[in-house]
Amino acid sequence: MKSLSQKQPWHPTALLMVLAVWLTTAGNLPLWLKVWQLPETQGFKALTTVGSLMLILLSMVSWLLLFLVWPKWLKPAGLVFMAVVTSSSYFMLTYNVVIDPSMIANVVQTDVREVRDLLSWRMLAALLLGVVLPGIWWWRQPVRQVKAKPLLLRQLGLFVLAWLMMFVFVWASFQDLASLMRNHTTLRYMANPFNSLYAVVRLSVGQASQAAKPLLPIGEDAKLLSAPASEKEAPLIVLVVGETVRAANFGLSGYARQTTPQLNQLKAQGDLVYFSDVSSCGTSTQTSLPCMFSHLGKTAYENSDQPYEGLLDVLQRAGLAVLWIDNQSGCKGVCSRIARFETQALKVPHLCQDGECFDEVMLQELPKQLALLDPVKRAKGTVVVLHQMGSHGPAYYKRSPEALKQFKPECKSSALQNCPVDQIVNGYDNSVLYADHFVSQTVKWLQAQPRPTALMYLSDHGESLGEKGLYLHGMPYRMAPREQTHVPMLAWVSKPMQQQRGWRMACLQAQADKPWSHDNLFHSMLDLSQVGTNLAKPELNIFAACAAAR
Ligand SMILES: [Zn+2]
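Parameters and conventions
- Residues numbered from 1 in each chain as written.
- Predicted model: local features only at pLDDT ≥ 70, side-chain atom pairs only at ≥ 80, totals over all residues.
- Helix = DSSP H or I, 4+ residues; strand = E, 2+ residues; numbered from the N terminus.
- Rg over C-alpha atoms; globule rule 2.2 N^0.38 Å.
- Buried ≥ 20, exposed ≤ 12 C-beta atoms within 10 Å, placed from the backbone.
- Contact = placed C-beta atoms within 7 Å.
- Pairing = 2+ DSSP bridges.
- Core = buried A, V, L, I, M, F, W, Y, C linked by C-beta atoms within 7 Å.
- Axes fitted to C-alpha atoms, helices over the stretch in contact; angles between N-to-C directions.
- Parallel < 35°, antiparallel > 145°, perpendicular 65-115°, else oblique.
- Left-handed = near helix turned anticlockwise from the far one by under 90°.
- Nonpolar A, V, L, I, M, F, W, Y, C, P; charged D, E, K, R; others polar.
- Expected span 1.5 Å × (residues − 1).
- Arc of directions from axis to C-beta.
- Domains from an automatic or database assignment.

Enquirer: Got a minute to help me understand the overall build of the protein in this structure?
Expert: Counting secondary structure elements, the protein contains 23 helices and 14 strands. Against the globule reference of 24 Å for 550 residues, the protein gives a C-alpha radius of gyration of 27 Å, in line with a compact fold. Projecting the C-alpha coordinates of the protein onto the three principal axes gives extents of approximately 90 × 50 × 50 Å. Taken over 550 residues, the protein has a buried fraction of 45%. Considering only residue pairs separated by 6 or more positions, the protein has 77% of its internal contacts joining residues 24 or more positions apart.

Structure follows, in structure tokens:
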């Protein structure tokens, strides 16, 4: 074999077409499996649909390769394409996600801790079968030297031919395919490598056009509505940004399991209100976080590529001391201009292990970090954001300490599909129990402070735990199931704060079951922090009814 292949080295374009066939077939396994299982493609129909889609995709992959890949970088380019389609296929098959711009943004923003959670034997096996073995074969193929001009003509000729073939195939099967694409919008996010390429290009164009624009200040008129006489009267407000907690598994929302026993007790004392119908702005940290802190609201935020300052800039401008403590993968730009502290380097015994800490480490760090803030500002009031590790998957079992776990056994694999659903849910529910513990501990700490205090808790997005075969989060919003967008939100207001503001919790309780969303955070936090600005919209402020009732 070896001597034969040495005698007959490949024409570079021929080898390129071998790559096209491999990428189209093996490189798109999740797509073909999905099309094969669609309800409208049964039996012989499945065969013809998969067949015509394969021909269309093959012509598309061919023109892409013929245009991009030239002999000089044929070998490395082949490996890159194999790696891209294999990793994208692995995530699509394992978690049933699709590859779109926000998913790629998540990948880019992911830190080492998150990658470690995702690694599994299954992933290594996928890389072996999709990259290493075909890669070795690919790298060892001898390639003929070809003159530049005939090669150029041949490759461009084939490029045009591939386009023509694509149009012919699409035309021939148009009726079938058009309805298929309309009914199953996820399919178009599954075609490798176009999904990844489209997402990367779309994302970089968006970021480039944002980066080219100067950051616009907002709320330049922001000022404190009342000046506290001393630090003892200055409010201390904590906003806990929850991570990946869905309302469906939150005890306070009426979940069959009591996953929020401590918060339930606080609610019974009458100072806590749980909001039962809250929608997130996005389905990932990367999309939700900047949107939550924006004055624009979801629709305007998504339609704007103009970078603006956010809520925390406005609070700071009004004269408050503002602090962000992060136990996640960063604040996605919303804390860029304020004091912040990241827990990553901490090595607190019992709380931190393998470069990762339980959320309580933020509470332990809080007094120290508060003391570092400007005392002049502190005397007017303080707003702290605690960004949780929360229920970040897929390693849910790592998100709760052993002593707190109530639901067993837990899924201990990162490839969630290897676990029975009830074990995945056990691990997840234990992480919600821990969030309950963390938020309640924060409230207890606030209760002990000799000043008016309040806390808001709001999760950034939900999570799929195997419903409809979906796992994790990050589905394009309009296709996302409710599990990924229905999030828990609550407000706790201390007695001194209620007195200072003249609020009765009953008026807030009356707001509990109205439909709210991330759009309300900006305006409610302005009110809670006593900051006045033209940006404030009373109709979006959850506390507005209480001020009116006073
Ligand atoms: Zn998140």
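And the narrative resumes.
Enquirer: How should I be thinking about the pairing of strand β8 (residues 382-387) in this particular structure?
Expert: The two faces of a sheet get side chains in turn, since along a regular strand they alternate between them. Burial analysis of β8 places six of its six residues in the buried class, which makes it a mostly covered element. In β8, alternate side chains face the same way, and those of T382, V384 and L386 on one face and V383, V385 and H387 on the other are all buried. Sheet topology places strand β2 (residues 236-242) next to β8; six bridges connect them, and they run parallel. The partner of V240 across the bridge, within β8, is L386. As paired strands, strand β4 (residues 321-326) and β8 are joined by six bridges and run parallel to one another. Opposite W324, over in β8, you have V385 as the bridge partner.

Enquirer: In this structure, what is going on with the nonpolar core? I would like to understand it.
Expert: Proteins that are soluble and globular tend to have nonpolar side chains buried together. With 132 residues, the main nonpolar core has L239, L315, L455, L490 and W492 as its most contacted residues. Of all the elements, helix α18 (residues 421-447) adds the most residues to this core, at 10 residues. Among all residues touching L490, those that are not within four sequence positions of it are L252, L263, L272, V273, Y274, F275 and Y457.

Enquirer: Teacher, can you tell me more about unusual backbone geometry here?
Expert: Only a minority of non-glycine residues have a phi that is not negative, and only a minority of peptide bonds are not trans. The omega angle of the peptide bond from G393 to P394 is 0°, so this bond is cis rather than trans. By secondary structure assignment, the location of P394 is in the loop between β8 and α18. A positive phi angle is found at L472, which is not glycine, with a value near 55°. Along the polypeptide, L472 turns up in strand β11 (residues 471-472). Phi is positive for Q530, which is not a glycine, with a value near 65°. Within the secondary structure, Q530 sits in the loop between α22 (519-528) and β14 (531-532).

Enquirer: Got a minute to help me understand the pairing of strand β12 (residues 486-493) in this structure?
Expert: The element β12 is extensively covered by neighbouring structure, given that eight of its eight residues are classed as buried. Of the two faces of β12, the one holding H486, P488, L490 and W492 and the one holding V487, M489, A491 and V493 are both buried throughout. Where strand β3 (residues 272-279) lies against β12, six bridges are found, and the strand directions are antiparallel. The residue of β12 that forms the bridge with L272 is W492. Of the pairings in the sheet, the one linking strand β9 (residues 453-459) to β12 comprises five bridges and is antiparallel in character. Note that in β12 the partner of L458 across the bridge is M489.

Enquirer: Even after reading the chapter, I still don't get the packing of helix α2 (residues 12-24) against helix α4 (residues 44-68), so can you show me in this structure?
Expert: The relative placement of two packed helices is expressed as an angle between their axes plus a distance between the axes. The contact between α2 and α4 brings their axes to 9 Å, and the two run at 135°. Here α2 is positioned oblique relative to α4, judged by the angle of their axes. Note on packing geometry: the crossing formed by α2 with α4 is right-handed. Contacts from L16, M17, L19, A20, V21, L23 and T24 of α2 reach α4 at M54, L57, L58, V61, S62, L65 and L66. The class makeup of the residues in the contact of α2 with α4 is 12 nonpolar, two polar and no charged.

Enquirer: Sorry if this is basic, but what is going on with helix α11 (residues 194-211) here?
Expert: Side chains that are three or four residues apart share a direction in an α-helix, a result of its 3.6 residues per turn. If you check α11, its first and last C-alpha atoms are 25 Å apart, about what 18 residues at 1.5 Å a residue would give, namely 26 Å. All of the buried residues along α11 are N195, S196 and A199. All buried residues of α11 project into a common sector of 95° when viewed along the axis, lining one side. When the buried face of α11 is taken as reference, the exposed residues oriented beyond 90 degrees from it are V201, V205, A208 and S209. The inward-facing, buried residues of α11 abut α5 (74-95) and α6 (101-109).

Enquirer: Would you mind showing me how to read the domain arrangement of the protein here?
Expert: Often, the extent of an interface is quoted as the loss of accessible area upon association of its parts. Considered domain by domain, the protein is made up of domain 1 (2-209) and domain 2 (235-549). Of note, the centres of domain 1 and domain 2, computed from C-alpha atoms alone, are 40 Å apart. Among the elements of the structure, α5, α6, α7 (112-118) and α11 are those that each provide at least two residues to the side of domain 1 that touches domain 2. With five residues, α6 is the single largest residue contributor to the side of domain 1 that touches domain 2. Classifying every residue of the side of domain 1 that touches domain 2 gives six nonpolar, 11 polar and six charged.

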